[in-house]
Amino acid sequence: SGELMDLIRTEGQRMTAAQPSETTVGNMVRRVLKVIREEYGRLHGRSEESDQQESLHKLLTSGGLSEDFSTPYPPLRANVIEAINELLIELEGTTDNIAMQALEHIHSNEVIMTIGYSRTVEAFLKEAARKRKFQVIVAECAPFCQGHEMAVRLSKENIETTVMSDAAIFAVMSRVNKVIVGTKTILANGALIAVSGTHTLALAAKHHSTPLIVCAPMFKLSPQFPNEEDSFHKFVSPQEVLPFTEGEILAKINVHCPVFDYVPPELITLFISNIGGNAPSYIYRLMSELYHPDDYEL
Amino acid sequence: ALLPMANVAMIDYTLEFLTATGVEETFVFCCWKSAEIKEHLQKSKWCRHTSPNTVRFVTSDLYRSLGDVLRDVDAKSLVRSDFILVTGDVVSNFNITKALEEHKLRRKMEKNVSVMTMIFKESSPGHHARCKEDDIVVAMDSATNRVLHYQRTQGLKRFRFPMSLFQNSIENVEVRHDLLDCHISICSPQVAELFTDNFDYQTRDDFVRGLLVNEEVLGNQIHMHVTTEEYGAHICNLLMYEAVCSDIIRRWVYPLTPEMNFSDDKNQSYTHSKHNIYRGVDISLGQGSVLEENVLVGQGTVIGSNCSITNSVIGQNCRIGDKVILEGAFLWDGVHIADNVEICHSVICDEAEVKEKVKLKPRCVLSSQVVVGPGITLAEGTVISLHPPDEEEEDDDQFSDDSGVNKEESKVKLKGYNKKDVGSEGRGYLWKADDKNEEDEEEQRQSLWGPAMHSEEESESDSDLSMGSEEPDSRSASPQLDDIKVFQNEVLGTLQRGEEENISCDNLVLEINSLKYAYNIGLKEMMQVLSKVILEFPLQQLDANLDSQNYFSALLPLLKNWTPLFKNYIKRASDHLNALFAIEEFFLEHDSLCTSIAKVLMTFYQLEILEEDVILNWFSLRDTSDKGKQLRKNQRLQKFIQWLEEAEEESSDGDQD
């Protein structure tokens, strides 16, 4: 199984190098590696608990632990495949799991704000709308304006929806009860990489002490810390910001079109994921359940 | 096509664009340096068996132009269905499926009338990615996107459009100058056949113009597709190279950006940072050096301290000294730059070396392995290469082939390097185009950098070309009046010859008939012209100021001779009327000859060219102009008419009896 892990690791490195902003790819690779380790460990005779290294004593005494993965076990393969299937089922059910928690968080006659288009948030709000009546304000999230699509879908479910421009976020925030957003990635310190505009939204919410709730499934949790400023960014063609037809001026200026925003963990109130609600400060603990420390750097 | 744009060969961009839009089979036609292109592509990802796009090579040294290539395609029947025609230096992120669907739909609906769809991108005229040599003005039908008129505009201050463009039944004609030609075309198999048929089509331009001019005859149409959001450009000269390179770095061609590393080369992975700085692997930046904005640094490069680099592309394994200022510089692999150098908007090719304290002004080109010595300043637009200037240069290309240099050096005595040009330690020669052909030289020099964007030079050589292309347009669409004039002259010529050489009337009729068909003249006009010409004939033969008597005596024999002519054309009543009107017009113009109008009419009557009914009819027409009325008051004419009427009565009486 050591070879298998090496193979998976090289492929994973290649894939993440191709598009660093798609962290989900790397996350899944790490999950699979963790699955393999677990299965191997189980067959090897170790109990699951000891692998966790929970107590300080274990941390001190078991330093330098490097498992030797070379002993082959015939049932390993079947076990791994089974575990991966379980993982797949879990992935398919994440949106529903999150949506099921909707009723606890949304109350009647509330004004909820969101930004851009997120399928998770859409499912969340739709589920709540079946029993409660509330209003939604959607910030349109220029320049791609995905907020429009979100508003259309929500209004199909008979939710009262309003679309507004990003500039009005602060102005309207005083009337809002809760802010619910989706995200692209959750970083190890509890920070977010979300669509550009989310940072503005988070700051406005903090200023008005409005709770910011992030709905994201666990596969978006990435064990990377935001040390290198450039790793997660994605800049696309400036066409959206200043179109090509503008002509001569384009040779003299620099136009950027960033896709993502960094939102620091202090601005977030709650993470809702398929395993329940969590505070941002607790995220790092969740990581150890999902990934093995050796895999943090793929 | 192997020139590196942002450190990736241009042909890779083209192939990536094609593969991304779903092309599955590509034919690459090469003529120069084909072995190297082949090798490069075979090493690249497109020739692996996992590639969705299979690449096939066809090489031949005989290809001199696009026309030759397409003729070869037709000869070898390489493509059977619609194909996309692209030059090897197109950079684009265009998704061609939509345009392709439209093209196929058009062909299905109108049974193969539409031959080609050209792809254009909307961009305003001043944009730096619009190559000045390539600038066009297009007139199109906005409903069907059909191209009606296509013209190169380089150097022209005025444009001419043929009237037929606006006169036919199309309702909305748009004239657009804001289009950039992407040089991507979706062609049908007929295109290759058309190239074979017309042997002098060399470029796509010829083809387009030829098709548009011959449109009515062959029924082929060209359509176009305009895109606003996607990027497409074609590198034809160094200005375009600079523009497209900077566009790539500034991410206009997303997703083909440098850090994507689509060519899958281990050496090419970059990380993208703020202000569009792309850094390769293993580079080292000295203290105090600043990569300000829009810079791409290749792998393994070492940059010294206190440098300032903006808007540049640096290749792999370069060595840059201290205090260097690079602004708009394009350095290929392995370049060595010593300290205190200033490089401005120039291209420095592989392995070249620039020694200390050199200043390169804008638009210099240093070719491969050239050394430019310490302390000199190269003026604007200098090109230094290792090819000695007196050699017969076979290749038109501006980047010399170094393997060739070694062979040639052994043949020729080694010339000393001109110290003035390249500095004391320099190696290289100032490259000048051949002085033989002045015109070519201008074109070549322009083709290096393209006409400068800021200066106001006019390029005269090219304006000749465009003048030439205007003429056929104007002649084919000239208004009808001109034709008639020409026809008239022709008829006059025919009659003159007829008289001089005593050609029989049948032959004259034949000639006039054929002229009529050639100039597309209607019967009515022909009658008018004929009458006019004949009546004017004596005037031309003899003196213009003729009095009636002499005129008439000159005219009479002519009329007698040419009676069969008239009889041939004057058959129906309306013809008679037309002839009479023409006669009237003629006499109105020539007042002095008014008196002989009666005699002329008499002659016509006697020769049985005109019938009395018609003459009477004409005479009694109510709505004639004042002058016409005055004419009719002419004594003689009235007498003649009276006589006619009496004659008619007599003959009708005679019949009754």
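Residues numbered from 1 in each chain as written. Chains lettered and ligands numbered in written order. Predicted model: local features only at pLDDT ≥ 70, side-chain atom pairs only at ≥ 80, totals over all residues. Heavy atoms only, no water.

Under the annotation held in an unreviewed UniProt entry, chain B carries the name Translation initiation factor eIF2B subunit epsilon and is attributed to Eurypyga helias. Under Subcellular location (unreviewed entry), UniProt gives the following word-for-word description of chain B: "Cytoplasm, Cytosol". (UniProt positions renumbered as here; feature names shortened; annotations may be inferred.)

Chain A has the name Translation initiation factor eIF2B subunit beta in an unreviewed UniProt entry, where Eurypyga helias is given as its organism. Chain A has a UniProt comment under Subcellular location (unreviewed entry) that states "Cytoplasm, Cytosol". Under the UniProt heading Sequence similarities (unreviewed entry), the note attached to chain A is "Belongs to the eIF-2B alpha/beta/delta subunits family."

### Re the overall build of chain A
Helices and strands together make up the secondary structure of chain A, namely twelve helices and ten strands. In chain A, buried positions account for 45% of the 298 residues. Considering only contacts within chain A whose residues lie at least 6 apart along the sequence, 79% involve residues at least 24 apart. Within the structure as shown, chain A displays about 15000 Å² of accessible surface, and the carbon and sulfur contribution to it stands at 53%. (Helix = DSSP H or I, 4+ residues; strand = E, 2+ residues; numbered from the N terminus. Buried < 20%, exposed > 50% of the residue type's maximum accessible area, 1.4 Å probe, protein only. Contact = heavy atoms within 4.5 Å. Areas by Shrake-Rupley, 256 points an atom, 1.4 Å probe, with all protein chains shown as cover.)

### Quick word on the overall build of chain B
A count of helices and strands for chain B gives 23 helices and 34 strands. Buried residues in chain B amount to 50% of all 657 residues. Of the contacts made within chain B by residues no fewer than 6 positions apart, 56% connect residues no fewer than 24 positions apart.

### Some remarks on the sheet that holds strand β32 (residues 377–378) of chain B
Residue and element names in this part refer to chain B. Taken together, six strands build an open sheet; the order of strands is β17-β20-β23-β26-β29-β32 and the sheet is parallel. In this open sheet, the two edge strands, each paired with only one partner strand, are β17 (290–293) and β32. Two elements, strand β29 (residues 359–360) and β32, share two bridges in a ladder whose sense is parallel. Opposite Lys-359, over in β32, you have Thr-377 as the bridge partner. (Pairing = 2+ DSSP bridges.)

### Here we look at the side chain of Asp261(A)
Residues and elements named next belong to chain A. Note on placement: Asp-261 falls in strand β8 (residues 260–263). Asp-261 gets classed as buried once you look at its relative accessible area, which sits at 18%. Apart from residues no more than four positions distant in its own chain, Asp-261 is found in contact with Leu-192, Ile-193, Ala-194, Val-195, Ser-196, Gly-197, Thr-198 and His-199.

### Considerations on the packing of helix α2 (residues 23–44) of chain A against helix α5 (residues 74–92) of chain A
Residue and element names in this part refer to chain A. Running from amino to carboxyl end, α2 crosses α5 at an angle of 140°, the nearest separation of the two axes being 9 Å. In terms of orientation, α2 lies oblique with respect to α5. Along this stretch, α2 crosses α5, giving a crossing that reads as right-handed. Along its contact with α2, which presents Met-28, Arg-31, Val-32, Val-35, Ile-36, Glu-39, Tyr-40 and Leu-43, the element α5 presents Pro-75, Leu-76, Asn-79, Val-80, Ala-83, Ile-84, Leu-87, Glu-90 and Leu-91. For the contact of α2 with α5, the residue count by class is 13 nonpolar, one polar and three charged. (Axes fitted to C-alpha atoms, helices over the stretch in contact; angles between N-to-C directions. Parallel < 35°, antiparallel > 145°, perpendicular 65-115°, else oblique. Left-handed = near helix turned anticlockwise from the far one by under 90°. Nonpolar A, V, L, I, M, F, W, Y, C, P; charged D, E, K, R; others polar.)

### With respect to the confidence of the model for chain B
All names here are of chain B. Residues of chain B with pLDDT of at least 70 account for 63%, and the chain-wide mean is 70. For residues 433–480, every residue scores under 50 in pLDDT, and the model assigns this stretch 63 contacts once sequence neighbours within four places are set aside. Both confidence scores are given for the complex: pTM 0.64, ipTM 0.76. (pLDDT = per-residue confidence, 0-100.)

### A short note on the environment of Ser164(B)
With respect to the helices and strands, the residue Ser164(B) is situated in helix α5 (residues 164–167). Sequence-wise, Ser164(B) and Leu148(B) are 16 residues apart; in three dimensions their C-alpha atoms are separated by 9.9 Å.

### Here's the deal with the packing of aromatic side chains
Residues and elements named next belong to chain B. Here the structure, examined in full by the defined rule, presents one aromatic pair over all chains. Where Tyr-241 meets Phe-330, the ring centres are 5.5 Å apart and the plane angle is 65°; that geometry is what we call edge-to-face. One end of the pair, Tyr-241, is in helix α9 (residues 238–249); the other, Phe-330, is in strand β24 (residues 330–331), and 89 residues separate them in sequence. Each of the two residues, Tyr-241 as well as Phe-330, counts as buried. (Phe/Tyr/Trp six-rings, centres within 6.5 Å; stacked < 30°, edge-to-face > 60°.)

### Re the pattern of salt bridges
Should the charged atoms of two oppositely charged side chains come close, the side chains can pair. Here the structure, examined in full by the defined rule, presents 13 salt bridges over all chains. Each of the salt bridges in this network shares a partner with another, and the network as a whole consists of Glu122(A), Lys126(A), Glu149(A), Arg153(A) and Glu157(A). (Salt bridge = Lys/Arg side-chain N within 4 Å of Asp/Glu carboxyl O.)

### Quick look at the packing of helix α8 (residues 119–129) of chain A against helix α9 (residues 146–156) of chain A
Residues and elements named next belong to chain A. It is the contact of α8 with α9, at a shortest axis distance of 10 Å, that shows an interaxial angle of 25°. Judged by the angle between their axes, α8 and α9 are roughly parallel. Taken as a pair, α8 and α9 cross one another with a handedness that is right-handed. On the side of α8, the interface is formed by Val-121, Glu-122, Leu-125 and Lys-126, while α9 contributes Met-150, Arg-153 and Leu-154.

### Regarding the sheet that holds strand β19 (residues 302–303) of chain B
Ordered in space as β16-β19-β22-β25-β28-β31 (chain B), the six strands form an open sheet in which the pairing is parallel. Two strands close off the open sheet at either side, each with one partner strand: β16 (284–285) and β31 (371–372) of chain B.

### Brief notes about helix α7 (residues 204–213) of chain B
Where burial is concerned, most of α7(B) is hidden: seven out of the ten residues are buried. Where α7(B) is concerned, the buried positions are Arg204(B), Asp205(B), Phe207(B), Val208(B), Gly210(B), Leu211(B) and Leu212(B).

### Description of the side chain of Gln101(A)
One can find Gln101(A) in the loop between α6 (94–100) and α7 (102–105). In contact with Gln101(A), other than residues within four places in its own chain, are Phe124(A), Ile272(A), Ser273(A), Asn274(A), Gly276(A) and Gly277(A).

### Remarks on unusual backbone geometry
At Asn109(A), a position not held by glycine, the phi torsion is positive, near 55°. Looking at the secondary structure, you find Asn109(A) in the loop between α7 and β1 (111–115). Given a relative accessible area of 67%, Asn109(A) falls into the exposed group. With a phi angle near 55°, Lys357(B) is a residue other than glycine that sits in the positive phi range. Among the structural elements, Lys357(B) can be located in the loop between β28 (353–354) and β29. Take Lys357(B): its relative accessible area is 57%, and that puts it in the exposed class.

### Quick word on the pairing of strand β8 (residues 136–141) of chain B
All names here are of chain B. The buried count for β8 comes to six of six residues, which makes it a mostly enclosed element. Burial along β8 is two-sided: Ile-136, Val-138 and Met-140 and Val-137, Ala-139 and Asp-141, pointing in opposite directions, are all buried. Judged from the six bridges that link them, β8 and strand β9 (residues 146–152) form a sheet pairing that is antiparallel. Within β9, the position partnered with Ile-136 by the bridge is Arg-152.

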